[in-house]
Amino acid sequence: MSDLPESLSDHLAFLAGLSLAEDEAGELLSQCDRILDSLRVVQAAGLPEEEQEYFPAFSHWREDRPRGFPGPLPEPRGKAWPRPPVFGPSKENTEEESARSPGGETAPAREVPDPPGPAPGLGEHPPPRRSPLPEGPSPEGSSALSGTDLVDGFRRGDFTCREVLEACLEEISNWEPGLGAVIEVFEEAEERAAALDRLPPEERGPLHGVPVLVKDNICIRGKECRCGSLMLEGYRAPWTATALARLEAAGAVLLGRTNMDEFAFGSSTGTSCFGKTRNPWNPELCPGGSSGGTAAAVAAGLSPLGLGSDTGGSIRQPAALCGITGFKPTRGRVSRDGLVAFASSLDGIGPMSRGVSDLVLSLGVLEGPDPRDLTTLSLPPLGKIEVRGARPLDGIRIGLPREHFGMGLPEAHGGLVLEAARIFEEMGATCVEVSLPSTRIALSIYHLLAPAEASSNLARFPLRGPRSSPSSPPDFFGALRSFRGRTFGSEVKRRLLVGAFCLSAGHREAWYERGRAGALRVRSEYAEVFEKVDLCLGPTTPVPAFPLEDRSRDPLAHYQCDALTVGANLAGLPALSLPCGFDPEGMPVGLHLVGPPGRDGCVLLAGLAYQEGTDWHLRRPSPPERRRKERAR
Amino acid sequence: MTLPLRPRIGLEIHVRLATRTKLFCSCENRFGAPPNSLVCPTCLGLPGSLPHPNRTALELALRAALAFGSEIARRQSFDRKHYFYPDLPKGYQCTQQRTPLARGGSLTLPDGRTVSFLRLHLEEDAGKSLHAGRKTWIDLNRAGTPLLELVTEPTIRSPKEARLFLTILRRRLRWLRVSDGDMEKGSLRCDANVSLDPGGARNDRNEEGAPVPRIEIKNLNSFRRVEAALDFEIERLRELARRGVSIRSETRSWDEKNDRTRHMRWKGEAPDYRYLPEPDIPPFRIDEEVLESLRLSRPESPRLRAERFSRDHGIPLPVASELCMERESADWFEALVEAGAAPDYCANWLRREFRSCLRRARIVWDEIPFLPGECAKLLRMLQEGTLSPSAGRRVLEAMCSPLPFEEALARVGRPPAGPEPDLDRLVEEACRRRPEALEDWRRGKENAVHALIGEAMRLSGGYADPKALRARFDARRAPGT
Ligand SMILES: [Zn+2]
């Protein structure tokens, strides 16, 4: 490293708990050096120290009562639903749990949002009211229903949960293994769908029968949770994440696990030990990441709903690249319990689906404070979100941050986003230019904080201690370093090295602490902008979908994908990405809406209004065999 | 001849808090369970688990800080302290080391000297490594249990004083119910640091202004070891100083087998812990209302309680202070007086009879199987003289066995069925066996009669009525009778 002597690079590998093979060490360290170099802009920015927020002690703290992890399941919002089946071998806890929440008990009721819009029949779609731009690929396919369509269909008895599940499974068999998005289909799903079919209508939850695909970094009891890494080979989670438990309690069917970048470090879903995921719109291109598996699967119609996690844009960037809708809620709205931590202060779980209406449907279930996650907040529930009249966005002010339209954004993309802004104006909103100067350094701030926290969160691996190999050193730490060095992928190692450096003695003030100040700066800048406007609108990513093999050599270019999304994570804001057209290569382009903290409803309303007026979100890629035929012709 | 250099000793004490559950999860905080039986995803550090901090742990730590008069930080947070070790499942320890819960405060020793604290803070404990042959086993029952770390100023003057300080501290923490202070269960562990005082105005720097080298000793798990290790170390340092060898700061550990300290590492080799603010526990405020309610619920200090006993019940202050050395004995005193026992008699009986009876029965205060009400009945009989002291002792022992008071009294408190003991014969026999006591007594030595009564009691097997015996001895005081 340029300002680090050789011995210090050894020291870094030592701190990060890695031993690096000779053939990779040189390249890894020179890449880290370049990354660190790129982060100096944060130091140069001369950010002031800002006040941190302190919460009253005890307000969320646990009472000193033994009751076994993780305590009773948080009450489901809305009415009480029958308990979902429990995966996995452990029996005694099942009884304990059912004993804790006796069936039939009614939880404090809250209105569950009705699916908005007219109820379409099976196989039909609402006729697009307007196609603002020349035709892209047209909507087609057999399981093209959205979650809200499904809920209505079940209500009318048009189909059963099993039929829907089978349609999804058929679609998975059409696309996989070529797509590389779904890495496991749960056997229990069929049984669960059959059980749901037997439920009387009054006991059905708001997500009755809706299949859900889950990113590989969210825990499901008894199921593998690999985070796309060899490091977690054979690991099965002993409990189900709060978010998933809530989905299941609302009647959702967990369908399977989806691929992701190793430990969510990346923007291509190309670093997983399960192989690369392809973009369903063009198999030569990547789907974005790190929730690329869920994004590709939802785009291809393998499931109406998916769950992803977002630390710097990991839901929104792949959603944009795959032409679907993805949402990162306000920090604290959805519990992080059971989400394998990457950068704990930035992480969040969020839903991904074709349209905003499904996001609203699932968020009504996902949201709410959770005693298992101290950072959840008691925000007012989303409630019902309705688009009313011809000018549903009357009085809403939308800011277009001028910095978001630079940064190498292709012209075609910028045009599509500005066109979307025009549509918002037609719906009653006023668009003004605003400025978010720290956009320039937001990515660097993110890359100071995220690797630092990641190096801490990944210090626990391997969970059962290092497995020794003939070549590994005899002492514990030596064997540990050697095992971690062999098992983690190179992107993980890069981030662990950078993170260890940013936190190391003598450097943390100049690096990590600057990153903290930077995050507070980004937050206050957004707060200033939100005094003038209700929403910020821009492109989701400055970089169009890129080829599968590209970029792995140049981590810095790779990081650019997140340049426009990290701001919402640093400031904890709700942010939505939704499709707004196709570029000349026929690839979808994403529109990014960011709102003030807690105003998730406003962001979703704007997205819903936009999708009622356009049909970009209904376009679907052709399944592989059709594409083959097209190519033959 | 030069005087030997005086030592300056500081202590770093880890106290396991007396909570029911661990610091960040609801697993039981208990010693002695089968290995790895008190664990959950959070204390195992499984991916996806989050900390759930325990409010009682914070309350206990604040209670200790208030009792020592420390200044409590209004703004608090936890940090992650990273190091790789087999019994540290997350690869980091969650601690307030960088931003301590409280600073300052002190504890007064019986000789009036005070030892000041530098800081107090909360942190989680690691698991335990058990080495067996070439294998190491990990028990994570202890992982995540709440610890209060107390660091004193380096102002303790001798190993003996260090030991005394620890004894008083332990007693105080037990009094406050902050910890059981049980060293065998690892509830109280201690590291010590020592340097030789160079004299002069600034005693942490030598004449050239360089910091005085400091030796840290780890792994001191009993008060005796603290004293022994410090004695050894001070002697070693003095010897080095005598030989003119320059002393370097280092960390040493106590080798119990060979009664000596051993080098672990030089100062400056301390690991880089890469502190990171714990992102899963938002920084928190300690508001004045919280402190106020803790102050109100705080237990009376031993000194104040002893003064109150002395004032309200008319017992001498030294006696009251002795009663108040342990919270339990003070509690029993109050309960017995409440139940009608005479304070002065009760105080003496508690300090002697009661305590020795507990010791013989091998039970601690918490395990006493009877209620103060029953005990007060026994005490009343003893005071009235309707039960002899030795019979009282037997009854108390039976109650500890445990038996209800009435049954214990019926079994061992009364003479065996049969004729009443012939008191005159007992008195005669006692006088025959202890002529010298009789002689002394007749010569006017009043106390000598107790030896006679005691002898008669022994002869009766403890069943005779001491008052009746006294009357008969009085009748025989005049010589010739
Ligand atoms: Zn636990």
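Residues numbered from 1 in each chain as written. Chains lettered and ligands numbered in written order. Predicted model: local features only at pLDDT ≥ 70, side-chain atom pairs only at ≥ 80, totals over all residues.

Chemist: Quick question: what am I supposed to make of the overall build of chain A here?
Modeler: The number of helices and strands found in chain A is 19 helices and 12 strands. Scored against the burial criterion, the 633 residues of chain A give a buried share of 58%. Put simply, of all contacts in chain A between residues at least 6 apart along the chain, 80% involve residues at least 24 apart. (Helix = DSSP H or I, 4+ residues; strand = E, 2+ residues; numbered from the N terminus. Buried ≥ 20, exposed ≤ 12 C-beta atoms within 10 Å, placed from the backbone. Contact = placed C-beta atoms within 7 Å.)

Chemist: Can you help me understand the interface of chain B and chain A in this one?
Modeler: Interfaces are often sized by the amount of accessible area the parts lose when they come together. Contact with chain B, which involves 43 residues of that partner, is made by 49 residues of chain A. Elements supplying a minimum of two residues to the side of chain B that touches chain A: helix 1 (41–44), helix 2 (55–67), strand 4 (79–82) and strand 17 (284–285) of chain B. Residue classes in the side of chain B that touches chain A are distributed as 21 nonpolar, 11 polar and 11 charged. In this structure, strand 1 (residues 55–56) of chain A lies alongside strand 17 of chain B, joined through two bridges in parallel fashion. Note on strand 17 of chain B: the bridge partner recorded for Phe55(A) is Phe284(B). (Nonpolar A, V, L, I, M, F, W, Y, C, P; charged D, E, K, R; others polar. Pairing = 2+ DSSP bridges.)

Chemist: It is not clear to me how the confidence of the model for chain B should be interpreted in this structure. Could you clarify?
Modeler: Should the pLDDT be low somewhere, the predicted coordinates at that spot are not to be read in detail. With 94% of its residues at a pLDDT of at least 70, chain B reaches an overall mean of 87. Taken together, the chains of this predicted complex give a pTM of 0.83 and an interface ipTM of 0.87. (pLDDT = per-residue confidence, 0-100.)

Chemist: Would you mind going over the environment of Pro280(A) with me for this structure?
Modeler: All names here are of chain A. Relative to the assigned elements, Pro-280 resides in the loop between strand 4 (253–258) and helix 8 (292–299). Taking the C-beta count within 10 Å as the criterion, Pro-280 has 29 such neighbours and is therefore assigned buried. Note: C-alpha distance between Pro-280 and Met-587 (307 residues apart in sequence) is 9.9 Å. Dropping the residues within four chain positions of it, Pro-280 is found in contact with Leu-179, Ala-296, Ala-299, Ala-300, Cys-322 and Pro-621.

Chemist: How do you make sense of the nonpolar core when you look at a structure like this?
Modeler: Among the nonpolar cores identified, the biggest contains 242 residues, and Val212(A), Val253(A), Ala61(B) and Ala192(B) are the most heavily contacted of them. In terms of residues, this core owes the most to one element, helix 12 (residues 439–457) of chain A, which gives 10 residues. The residues contacting Ala61(B), other than those within four sequence positions of it, are Leu17(B), Leu101(B), Leu120(B), Leu122(B) and Leu148(B). Counting residues in each nonpolar core, the second largest holds 30 residues, with Ala341(B), Leu387(B), Val395(B) and Phe405(B) among its members. (Core = buried A, V, L, I, M, F, W, Y, C linked by C-beta atoms within 7 Å.)

Chemist: Please explain the pairing of strand 13 (residues 215–220) of chain B as it appears in this structure.
Modeler: On a regular strand, each side chain points to the face opposite its neighbour's, so the side chains alternate between the two faces of the sheet. All names here are of chain B. Here four bridges tie strand 12 (residues 188–197) to strand 13, and the two strands are oriented antiparallel to one another. If you follow Ala-192 over to strand 13, its bridge partner there is Ile-217. Relative to strand 14 (residues 250–255), strand 13 runs parallel, the two sharing four bridges. When the sheet's bridge partners are listed, Glu-216 is paired in strand 14 with Thr-251. Handedness of the strand 13-helix 4 (residues 223–242)-strand 14 crossover: left-handed. (Right-handed = clockwise from strand over helix to strand, strands pointing away.)

Chemist: Would you take a moment to explain the sheet that holds strand 1 of chain A for this structure?
Modeler: One key point about sheets: their strands pair by backbone hydrogen bonds, in either a parallel or an antiparallel sense. Judged by pairing direction, the sheet is mixed, and its three strands sit side by side in the order 1(A)-17(B)-3(B) without closing on themselves. Only two strands of the sheet have a single partner each, and these edge strands are strand 1 of chain A together with strand 3 (75–76) of chain B.

Chemist: So what exactly am I meant to see when it comes to the environment of Gly364(A) here?
Modeler: All names here are of chain A. Checked against the element boundaries, Gly-364 lands in helix 10 (residues 356–366). Look at Gly-364 and you get buried, because 24 C-beta atoms sit within 10 Å. Considering only alpha carbons, one finds Gly-364 and Leu-207, 157 residues apart in sequence, at a separation of 9.9 Å.

Chemist: What's the story with the sheet that holds strand 9 (residues 430–434) of chain A in this structure? I'm lost.
Modeler: All names here are of chain A. Read from one edge of the open sheet, 11 strands run 2-4-3-5-7-6-11-12-10-8-9, paired in mixed fashion. The open sheet has two edge strands, strand 2 (182–185) and strand 9, and neither has a second partner. This sheet shows a mean twist of 30 degrees between the axes of neighbouring strands, independent of strand direction. In terms of strand pairing, strand 5 (residues 305–309) meets strand 7 (residues 349–353) through five bridges, oriented antiparallel. (Axes fitted to C-alpha atoms, helices over the stretch in contact; angles between N-to-C directions.)

Chemist: Explain unusual backbone geometry here, please?
Modeler: Working note: non-glycine residues mostly have negative phi, and peptide bonds are mostly trans. Of note, the amide linkage connecting Glu176(A) to Pro177(A) takes the cis form, showing an omega dihedral of 5 degrees. By secondary structure assignment, the location of Pro177(A) is in the loop between helix 5 (161–175) and strand 2. A cis amide bond links Ser401(B) to the next residue, Pro402(B), at an omega of 0 degrees. Looking at the element boundaries, Pro402(B) is found in the loop between helix 11 (389–400) and helix 12 (405–413).

Chemist: Where do I start with the domain arrangement of chain B in this structure?
Modeler: Residues and elements named next belong to chain B. Domain boundaries in chain B define domain 1 (6–292), domain 2 (300–413) and domain 3 (423–475). Taking the mean C-alpha position of each, domain 2 and domain 3 sit 28 Å from one another. Listed as interface residues are four residues of domain 2 and, on the opposing side, seven residues of domain 3. Residues of the side of domain 2 that touches domain 3, tallied by class, amount to one nonpolar, three polar and no charged. (Domains from an automatic or database assignment.)

Chemist: Help me out: how do you make sense of the packing of helix 10 of chain A against helix 18 (residues 600–613) of chain A in this one?
Modeler: Between two packed helices, what matters for the description is the angle formed by their axes and the separation of those axes. All names here are of chain A. Taken N-terminus to C-terminus, the directions of helix 10 and helix 18 make an angle of 145 degrees; their axes are 8 Å apart at the nearest point. Only Leu-604, Gly-607, Leu-608 and Gln-611 of helix 18 make contact with helix 10, whose side of the interface consists of Val-356, Ser-357, Leu-359 and Val-360. Grouping the constituent residues of the contact of helix 10 with helix 18 by class yields five nonpolar, three polar and no charged.

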